[in-house]
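Chain by chain, the residues:
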Amino acid sequence: MGKYVLKRFGAALLSLFIIITLIFCLLRLMPLEGYLGPNVDKLSEEVIHAKLAAKGLDKPVPVQLFNFYRNLARGDLGKSWIYRENVDIVKIIKPKIKISAKLGAMAMALSLIVGIPLGATMARSKGKWPDKLGTGFIVFLQAAPSAVYFLFIQMYATKGTGLPMLYNDSKPVSWILPIISLALPSIANYGMWMRRYMVDQMNQDYVKLARAKGVSNKAVMMKHVFRNAFVPMVQTIPSSLLFTIMGSLYVESIYSVPGMGGLLIDVIQRQDNTMVQALVLIFASVGIIGLFLGDILMVLVDPRISLTGKEESR
Amino acid sequence: MSKLFKKGAVMEKAAEGMADQLEQALKNSLPDDLTPEQTAELTPDRFEFAEFDDTLAEKTGYSSYSYWRSTFRAFWNNKLARFLLIALLLLILFTVIQPHLPGQRPPAQIYDFPDGTVMRNLQPSKEFWFGTNAVGQDLRSRVWSGTRMSLFIALIVAISDNVIGITIGILWGYVRKLDALLTEVYNIIDNIPRTIILILISYILRPGMWTMIISMCCVGWLGMARFIRNQILMIRDRDYNLASRCLGTSTRKIMFRNLLPYMVSVIMLQTALAIPSVISDEVFLTYCGLGMPKNIASLGNLVEEGRKMMMTSSRYQLIFPALVVTFITVSFYLIGNTFADASDPRNHV
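Definitions and limits used
- Residues numbered from 1 in each chain as written.
- Chains lettered and ligands numbered in written order.
- Predicted model: local features only at pLDDT ≥ 70, side-chain atom pairs only at ≥ 80, totals over all residues.
- Heavy atoms only, no water.
- Helix = DSSP H or I, 4+ residues; strand = E, 2+ residues; numbered from the N terminus.
- Buried < 20%, exposed > 50% of the residue type's maximum accessible area, 1.4 Å probe, protein only.
- Contact = heavy atoms within 4.5 Å.
- Areas by Shrake-Rupley, 256 points an atom, 1.4 Å probe, with all protein chains shown as cover.
- Lys, Arg positive; Asp, Glu negative; His and termini not counted.
- Charge placed at Lys NZ, Arg CZ, Asp CG, Glu CD.
- Phe/Tyr/Trp six-rings, centres within 6.5 Å; stacked < 30°, edge-to-face > 60°.
- Lys NZ or Arg CZ within 6 Å of the ring centre and 35° of its normal.
- Buried area = accessible area lost by both parts, 1.4 Å probe.
- Salt bridge = Lys/Arg side-chain N within 4 Å of Asp/Glu carboxyl O.
- Polar contact = N/O pair within 3.5 Å; in protein donor to acceptor, adjacent residues only side chain to side chain.
- Nonpolar A, V, L, I, M, F, W, Y, C, P; charged D, E, K, R; others polar.

Peer 1: Looking at this model, I keep getting lost on the overall build of chain A. Mind explaining?
Peer 2: In terms of helices and strands, chain A carries 12 helices and 0 strands. The order of helices and strands in chain A, counted from the N terminus, is α-α-α-α-α-α-α-α-α-α-α-α. When the backbone C-alpha atoms are referred to their principal axes, chain A occupies close to 85 × 55 × 30 Å. Taken over 314 residues, chain A has a buried fraction of 46%. The contacts in chain A between residues at least 6 apart in sequence include a share of 70% that link residues at least 24 apart. Put simply, chain A shows about 16300 Å² of open surface, and 64% of that area lies on carbon and sulfur atoms. Here chain A contributes 35 positively and 19 negatively charged side chains, and the mean placements of these two sets differ by 13 Å.

Peer 1: It is not clear to me how the environment of B:Pro106 should be interpreted in this structure. Could you clarify?
Peer 2: Tracing the backbone through its elements, the reader meets B:Pro106 in the loop between helix H5 (79–97) and helix H6 (139–174). Those residues in contact with B:Pro106 that lie beyond four places of it in its chain are B:Tyr111 and B:Ser141.

Peer 1: Hey, could you run me through the packing of aromatic side chains in this one?
Peer 2: For any pair of aromatic rings, the description rests on two quantities: the centre-to-centre distance and the angle between the ring planes. Counted by the stated rule, this structure contains 16 aromatic pairs over all chains. Taken together, a centroid distance of 5.2 Å and an interplanar angle of 35 degrees make the contact between A:Phe24 and A:Phe68 tilted. Taken as a pair, A:Phe24 in helix H1 (residues 2–28) and A:Phe68 in helix H3 (residues 61–73) lie far apart in primary sequence, 44 residues in all. By the burial criterion, A:Phe24 is buried, and A:Phe68 matches it. For the ring pair B:Trp172 and B:Tyr186, a centre distance of 5.4 Å and an interplane angle of 40 degrees mean the geometry is tilted. With B:Trp172 in helix H6 and B:Tyr186 in helix H7 (residues 176–191), this residue pair connects regions lying 14 residues apart in the sequence. For the pair B:Trp172 and B:Tyr186, one class covers both residues: buried. An aromatic cluster is built from A:Phe17, A:Phe24, A:Phe68 and A:Tyr69, whose rings are joined through pairwise contacts. Taking NZ or CZ as reference, A:Arg196 lies 4.9 Å from the ring centre of A:Trp193, over its face.

Peer 1: Would you mind going over the interface of chain A and chain B with me for this structure?
Peer 2: The parts lose accessible area when they come together, and the size of an interface is often stated as this lost area. Each partner contributes to the interface: chain A provides 41 residues, whereas chain B provides 37 residues. Both faces combined, the contact of chain A with chain B buries some 3400 Å², and carbon together with sulfur accounts for 76% of it. Inspection of the region where chain A meets chain B yields 0 salt bridges. Where chain A meets chain B, there are 1 residue pair in polar contact (both at pLDDT 80 or more). Those elements that provide at least two residues to the side of chain A that touches chain B are H1, helix H5 (129–143), helix H6 (146–161), helix H10 (249–254), helix H11 (263–269) and helix H12 (273–301) of chain A. Among the elements that take part in the side of chain A that touches chain B, H12(A) stands out by supplying 8 residues, more than any other. Classifying every residue of the side of chain A that touches chain B gives 30 nonpolar, 9 polar and 2 charged.

Peer 1: Would you take a moment to explain the pattern of salt bridges for this structure?
Peer 2: Opposite charge on two side chains lets them pair, provided their charged atoms get close. Residues and elements named next belong to chain A. Taken as a whole, this structure holds 3 salt bridges over all chains when the rule is applied. A salt bridge links Asp 131 to Arg 195; the shortest N-O distance between them is 2.8 Å. Taken as a pair, Asp 131 in helix H5 and Arg 195 in helix H7 (residues 176–202) lie far apart in primary sequence, 64 residues in all. The exposure class assigned to Asp 131 is buried, which follows from its relative accessible area of 5%.

Here is the structure:
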């Protein structure tokens, strides 16, 4: 186990390094005006040069990259240039991550509680009306543009129930609608995959054997089908949980939640390259760590997955 | 060896033919207790010995099963999918011929009242079926021209996803030396959230139609390539491929003749599902301000414009484009899934 974890950890670190370097170099390809705000044309050569030097941008790219890594090792992501000038990036995003992660974790709990039983019920009644109803629900949630149905939820739910329209950190009542909106797409996702995995399992020979032995339908479903179908679901849970810190662009802007959702777009539009760099770094590492944790969790849940054998293609 | 094989096959055929004959004979045989009318029918020539029939003996147990015909029949039996397919084809046909119909307005034209004020945010009426937008343009012609634009983008992205995904997937699965490298590349790209890649590429290049297409192509091929690779790993070492290789078939021919036909149904499914995801990506990118230029109508632009009108009485500006988006995406989803079910031979009766 230890060796496997170590090997996977090394691979994760390597891909993280490649991603960061790639993004760093890509962002250096952008025109320099982006770094200096809107009034570049009016500045003289010396001022431009001084400004670039102050930000360490006059050095060659490898040196900049090295400096970036050295600061990163100290937990310093650098300072924002334009979004909030000369404020530490860590300071800017810390409170935002807290809010997004709080809402996201609750939404995820809700979507697991609703989505998994939904998928299980649909699989048990395959081809009958609960299955058809659920499929319709899932197809609609996945296919209709979420930017649009979130708006309708906000409009009609606030009218119908009197819930507050905007998010307020100190009033938990105002969290309900954002959480429901956040949960809906993942309910559809969990429901769809749970149904598909369970239907796959139901056609397996061991299920037929269990039925032939006379095991009751409920026991077959709970003890055999559900447990086996849940294993592939487990793999995605850590990364979904970690990705909640990314926030949701649509939901957070509709309810004006001061979270991470719109931040990346915002700093991109203002061309704040250090912020873009830091955010992409965070999100990419979250993805890699999530995958790593998911693989390990799957091994823990399913004893049949061997650690020493050849890695199974996902 | 070959002689033995041939002989076996002939005997098998003969046995099948005899079984066939026997079955027919049993069918034609009559029950024991006969009515007088039936007895009258029993003419003496029905009691003659049957000769061994060579043509019947050659008859094999061949059924006229055709994969594609059965697939389409299974698809066609689903009423909802049939309806959506026809409706979708009509919609696509309509968006293509709409500019050539008489009495259509150009989508970029701004309309004024006779007194010179601009016709802003007019509610749907006889004159403007879908109303006008905040700039005073006819929303109906914008919706159709936007649909045309978005479908065009979706088509290009779906085709290039297919080409890139299939090529890389086949190489990935078939060429052992490339496996480790491509797995690493895949892991790296797949680990970064799709939205971040979309945003980053649109940011680095200049926003516009081709930037959007390029960024979507960069993430779109992943799913297809992985699927093709897994399929190929499964069927690469089956006996018929081994035999083919022993007979000296070139690698290229094995890839395209032996492996690819197995995956046609899945490729069609992926293509059908790529189109809705491209449209929703376009809406997303426009929302981020990285989409098409504002003056060009596309479904993303229209939804984004309408979204700002949601809380006012001009809600129709969101509803019309959103309805079109929802219809297109839902129908592609359902058609794709029904087709995938239909292409599974276990569902062929």
